[in-house]
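Take a look at the letters that make up each chain.
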Amino acid sequence: MVNKSSRKSLISINDFLNLTQGTISRLLNLMKNTVDEMTEITQATPPDICPRCGSTGTVTVISKTIGGVVRYYFKCSSCNYQWPVQ
Ligand SMILES: [Zn+2]
């Protein structure tokens, strides 16, 4: 079962109908670029060594949703140091 309440429309139907073809094209390109960027970020490889405490094998990738935007961070499980994925 799909929980429809968890899905949000980016724009309303009326706004969509009012868009010009050029705007639609730009919007689609923007969405495509966003997907490509997110795919690239989620495949980021965490460093072997934590830059703060020097522990090895403790750094993982985590995600935070801030204001509806998903951001990715590296996190060290040894010292809890977090820093954004570049
Ligand atoms: Zn650390």
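Conventions used here
- Residues numbered from 1 in each chain as written.
- Predicted model: local features only at pLDDT ≥ 70, side-chain atom pairs only at ≥ 80, totals over all residues.
- Heavy atoms only, no water.
- Donors = N, O, S within 2.8 Å, 3.2 Å for Na, K, Ca; no water.
- Tetrahedral: all angles 85-135°; square planar, octahedral: opposite > 155°, others 65-115°.
- Helix = DSSP H or I, 4+ residues; strand = E, 2+ residues; numbered from the N terminus.
- Core = buried A, V, L, I, M, F, W, Y, C linked by side-chain atoms within 4.5 Å.
- Buried < 20%, exposed > 50% of the residue type's maximum accessible area, 1.4 Å probe, protein only.
- Contact = heavy atoms within 4.5 Å.
- Pairing = 2+ DSSP bridges.
- pLDDT = per-residue confidence, 0-100.
- 1 Å grid on protein atoms, 1.4 Å probe; cavity = no way out; pocket = protein on both sides within 12 Å on 5 of 7 lines; lining within 4 Å.
- Points joined across faces, edges and corners; volume = space filled by probe spheres on them.
- Nonpolar A, V, L, I, M, F, W, Y, C, P; charged D, E, K, R; others polar.
- Axes fitted to C-alpha atoms, helices over the stretch in contact; angles between N-to-C directions.

**Brief notes about the coordination of the zinc ion**
And then number 1: Those donors, Cys50 (SG), Cys53 (SG), Cys76 (SG) and Cys79 (SG), are the protein atoms that reach the zinc ion, and they lie 2.3 Å from it.
And then number 2: Note that the zinc ion binds four donor atoms; their angles at the metal cover 106 to 113°, and the shape is tetrahedral.
And then number 3: Read from N- to C-terminus, the donor residues coordinating the zinc ion fall into the pattern C-x2-C-x22-C-x2-C. Separated by 29 residues along the polypeptide, cysteine 50 in the loop between helix H2 (21–42) and strand S1 (59–66) and cysteine 79 in the loop between strand S2 (69–76) and strand S3 (82–84) bring together distant segments of the chain.

**Looking at the nonpolar core**
And then number 1: Counting residues in each nonpolar core, the largest one holds seven residues, listed as Cys50, Val59, Tyr72, Phe74, Cys76, Trp83 and Val85.
And then number 2: Among the elements that line this core, the one with the most residues is S2, at three residues.
And then number 3: When sequence neighbours within four positions are dropped, the list of residues in contact with cysteine 76 reads Cys50, Cys53, Thr58, Val59, Tyr81 and Trp83.

**Some details on the pairing of S2**
And then number 1: Two strands pair when backbone bridges link them, and S1 and S2 are joined in this way by eight bridges, in the antiparallel orientation. Across the sheet, residue valine 59 finds its bridge partner in S2, namely cysteine 76.
And then number 2: Here S1 hands over to S2 after two residues, with glycine 67 in that stretch at a positive phi of 60°.
And then number 3: As judged from the three bridges shared by S2 and S3, these two strands associate in the antiparallel manner. By the bridge assignment, phenylalanine 74 is partnered in S3 with tryptophan 83.
And then number 4: Taking the residues between adjacent antiparallel strands as the criterion, S2 and S3 are bridged by five residues, where asparagine 80 takes a positive phi near 65°.

**Looking at the confidence of the model for the protein chain**
And then number 1: Overall, the prediction assigns the protein chain a mean pLDDT of 82, with 79% of residues at 70 or greater.
And then number 2: Mean pLDDT values for the elements of the protein chain range from 70 in helix H1 (residues 13–18) up to 94 in S3.

**Points about the layout of surface pockets**
And then number 1: Each pocket or cavity is described by its volume, and for the largest pocket that value is around 300 Å³.
And then number 2: In terms of lining residues, the largest pocket is bounded by Leu10, Leu27, Leu30, Met31, Thr34, Val35 and Gly68.
And then number 3: Counted by class, the lining of the largest pocket contains five nonpolar, two polar and no charged residues.

**Some words on the sheet that holds S2**
And then number 1: Here we have three strands laid out as an open sheet, ordered S1-S2-S3, and antiparallel in their pairing. In the strand order of this sheet, the two ends are held by S1 and S3, each with one partner. Direction aside, the axes of adjacent strands within the sheet are offset by 35° on average.

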